[in-house]
Structure formats: C-alpha cells, structure tokens
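Descriptive structure summary
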Amino acid sequence: MSEVPSPEEIFEKSREEGERRLTRPFGELAATAFAAGFDIAAGVILIAVLSSPLEHHFGKDAASAAGALGFGVGFIFLVVGRGELFTENFLVPLGGLHGKPRNAWWKIAELWTVSPVANVPRGTCSVASA
C-alpha cells in the first residue's frame, strides 16, 4: 500500500511544477498554449462526432455519455502533452514564486496573458472548421 503524501510534499511537488512552468521561454509557452487550444477543440469536435449519430440509435442520454467520453480524450491529450490551458491549474505557478524575487511576478503576468490569448485562436479555428 502506498504512503499518502504529506501537505508539505504536495506543496513541494506543486512548487517544482510551478517553477518549471515559469521558466519556460516565451516561444515554448506560446506553443504549448496554442496546442492546448487545439486539444480542447478536438474534444469539443469529438462530442459532436460521437453524440449526433448515436442519438438516433441509442437516445439522448447514451449519446451525451459517449460525447462526454470523447471530450475526455481531448483533455487527456492536454494533460499528457502538458499543454498550457489557462483554466487548468492556473494557480500552480504561484507556488513556483515561493522564495523568488519580486520581479518573478512578471513571469506570472506573461503566463496569464499569453496562455488565454494563445488558447482562443486555435480553439475557435478548429471548432469553426468542423
């Protein structure tokens, strides 16, 4: 049986992840945010692709369940690919500021500005083309 991590261990892992996210260069941040928009858009497309044809055969509830599973696929791509989705764990980088100088707040501002801006264009382009 595995040991449950202490709050201090959880904070330390979160702080390390926050530092990793804050030390990424601008280009990498923009690319991962752009990819995250695509991942979520792919999930939304899978909802439609799975729900629509299944509703005629199995009813609305079963089709909705299948669509929800399809969306989960896009979310798995997001998590495994470490995409920078603004709404996904957006407070984790604050832990990365622990013990850092005050000017490190600029990296938070960059992260919270670039990620939502880069998430939207790709997501809307993918959904609009479906």
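For the structure itself, consult the block above.
Residues numbered from 1 in each chain as written. Predicted model: local features only at pLDDT ≥ 70, side-chain atom pairs only at ≥ 80, totals over all residues. Heavy atoms only, no water.

1. Side note on the packing of helix H2 (residues 26–58) against helix H3 (residues 60–80)
- Orientation of H2 relative to H3, taken along the N-to-C sense of each, is 160 degrees, at an axis distance of 7 Å. The angle between H2 and H3 places the two elements in the roughly antiparallel class. Here the hand of the crossing between H2 and H3 comes out right-handed. (Axes fitted to C-alpha atoms, helices over the stretch in contact; angles between N-to-C directions. Helix = DSSP H or I, 4+ residues; strand = E, 2+ residues; numbered from the N terminus. Parallel < 35°, antiparallel > 145°, perpendicular 65-115°, else oblique. Left-handed = near helix turned anticlockwise from the far one by under 90°.)

2. Looking at the layout of surface pockets
- Its volume calculated, the largest pocket comes out at about 270 Å³.
- Contributing to the lining of the largest pocket are Ser 14, Glu 17, Arg 20, Arg 21, Leu 78, Val 79, Arg 82, Gly 83, Glu 84, Glu 88, Asn 89 and Val 92.
- Contributions of two or more residues to the lining of the largest pocket are made by helix H1 (7–22) and H3.
- Of all the elements, H1 adds the most residues to the lining of the largest pocket, at four residues.
- Residue classes in the lining of the largest pocket are distributed as three nonpolar, three polar and six charged. (1 Å grid on protein atoms, 1.4 Å probe; cavity = no way out; pocket = protein on both sides within 12 Å on 5 of 7 lines; lining within 4 Å. Points joined across faces, edges and corners; volume = space filled by probe spheres on them. Nonpolar A, V, L, I, M, F, W, Y, C, P; charged D, E, K, R; others polar.)

Everything listed here is a matter of coordinates, which is why it stays silent on function.
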